[in-house]
Amino acid sequence: AQTVTQSQPEMSVQEAETVTLSCTYDTSESDYYLFWYKQPPSRQMILVIRQEAYKQQNATENRFSVNFQKAAKSFSLKISDSQLGDAAMYFCAYRSANTGTASKLTFGTGTRLQVTL
Amino acid sequence: DTEVTQTPKHLVMGMTNKKSLKCEQHMGHRAMYWYKQKAKKPPELMFVYSYEKLSINESVPSRFSPECPNSSLLNLHLHALQPEDSALYLCASSQDRRGQGKSPLHFGNGTRLTVT
């Protein structure tokens, strides 16, 4: 079974600064997808960024980028120019590429990000 | 605005009640999911429907009964729940073409359930 680990329960960043959230995972599969979701107090899980394991290039979405190290099974999220609206719980998640049916999304334990003035 | 709509937003029920949670999406997605999330914990998968058929049941107690009437709707029927079942119940959908894991899950805002 796949496992996802987020070793930082809480992080804090000043507005306009950069912060990196860590994520490691364990799998025996070679093809899979990795995601970062954010969950603000409004409760909705919002997709931040997605990485396909067969792509070496790191994904970027505006101020959000990842550092994907497949051999190390590491998938960190970098948030640049942090904004107050970035404050939320961030979950790293893993999904198999092909299981013959709709596959489950496995979440890490989450990192709560605070953004201060 | 979320594209996955869940009703109700809040629900309080007694242990002898029967209630249902509803989820609706109109994105043409063919996979739908129920997740349970306790406070300060990650979501835990309960059920997955793929093309309106139950494909994954994560050993969920029978007091939770899912139903997928059509490709746009997903229900979760609740009966004889326990106080420890109090949680946020999240519905999600994804486009998935027969086993591809590429499509991200789109989540609703959840139903906050309290069992008294």
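Residues numbered from 1 in each chain as written. Chains lettered and ligands numbered in written order. Predicted model: local features only at pLDDT ≥ 70, side-chain atom pairs only at ≥ 80, totals over all residues. Heavy atoms only, no water.

Asker: Mind showing me how you'd approach the overall build of chain B here?
Answerer: In terms of regular secondary structure, chain B is built from zero helices and 11 strands. Listing each helix as α and each strand as β along chain B from the N terminus yields β-β-β-β-β-β-β-β-β-β-β. Viewed in the frame of its principal axes, chain B has a C-alpha envelope of about 40 × 30 × 25 Å. Here chain B, with 116 residues, has 49% of them falling under the buried criterion. (Helix = DSSP H or I, 4+ residues; strand = E, 2+ residues; numbered from the N terminus. Buried < 20%, exposed > 50% of the residue type's maximum accessible area, 1.4 Å probe, protein only.)

Asker: Explanation requested: the packing of aromatic side chains in the structure shown.
Answerer: Two measures describe an aromatic ring pair: the distance that separates the ring centres and the angle between the ring planes. Enumeration according to the criterion identifies 13 aromatic pairs over all chains in this entry. Each ring, one from Phe68(A) and one from Phe75(A), has its centre 6.3 Å from the other, and the planes form 80 degrees; the classification is edge-to-face. Here Phe68(A) and Phe75(A) have matching classes, each one buried. Through pairs of rings, three or more aromatic residues link up here, namely Phe35(A), Tyr37(A), Phe91(A), Phe107(A), Tyr35(B) and Phe107(B). (Phe/Tyr/Trp six-rings, centres within 6.5 Å; stacked < 30°, edge-to-face > 60°.)

Asker: Where do I start with the pattern of salt bridges in this structure?
Answerer: Side-chain pairing between opposite charges can occur once the charged atoms of the two side chains come close. All names here are of chain B. For the coordinates displayed, the defined rule picks out seven salt bridges over all chains. Ionic pairing is found between Arg 63 and Asp 85, a salt bridge with its closest N-O pair at 2.7 Å. With Arg 63 in the loop between strand E6 (53–57) and strand E7 (64–70) and Asp 85 in the loop between strand E8 (73–79) and strand E9 (87–94), this residue pair connects regions lying 22 residues apart in the sequence. Residue class for Asp 85 comes out buried when judged on its relative accessible area of 2%. Through salt bridges with shared partners, a single ionic network connects Lys 36, Arg 63 and Asp 85. (Salt bridge = Lys/Arg side-chain N within 4 Å of Asp/Glu carboxyl O.)

Asker: Explanation requested: unusual backbone geometry in the structure shown.
Answerer: Residues other than glycine predominantly adopt negative phi, and peptide bonds predominantly adopt the trans conformation. A cis amide bond, omega -10 degrees, links Thr7(B) with the succeeding residue Pro8(B). Tracing the sequence through the fold places Pro8(B) in the loop between strand E1 (4–7) and strand E2 (10–13). Backbone geometry places Lys73(A), a non-glycine residue, at a positive phi of 55 degrees. In this fold, Lys73(A) is placed in the loop between strand E8 (64–69) and strand E9 (74–79). Under the relative-accessibility criterion, Lys73(A) is labelled partly exposed at 26%. Phi angles above zero are rare outside glycine, and Glu52(B) is one such case at about 70 degrees. Along the chain, Glu52(B) turns up in the loop between strand E5 (44–50) and E6.

Asker: I'm lost on the interface of chain A and chain B in this one. Help?
Answerer: Often the size quoted for an interface is simply the accessible area lost on bringing the parts together. Taken together, the contact between chain A and chain B spans 26 residues of the former and 33 residues of the latter. Across the contact surface, chain A and chain B share one salt bridge. A salt bridge links Lys104(A) to Glu58(B), with the shortest nitrogen-to-oxygen separation between them at 2.8 Å. For the pair chain A and chain B, the interface holds 10 residue pairs in polar contact (both at pLDDT 80 or more). Elements with a minimum of two residues in the side of chain A that touches chain B: strand E5 (32–39), strand E6 (46–52), strand E10 (88–96) and strand E11 (105–107) of chain A. Take the side of chain A that touches chain B: its biggest share by element is four residues, from E5(A). Broken down by class, the residue content of the side of chain A that touches chain B amounts to 10 nonpolar, 11 polar and five charged. (Contact = heavy atoms within 4.5 Å. Polar contact = N/O pair within 3.5 Å; in protein donor to acceptor, adjacent residues only side chain to side chain. Nonpolar A, V, L, I, M, F, W, Y, C, P; charged D, E, K, R; others polar.)

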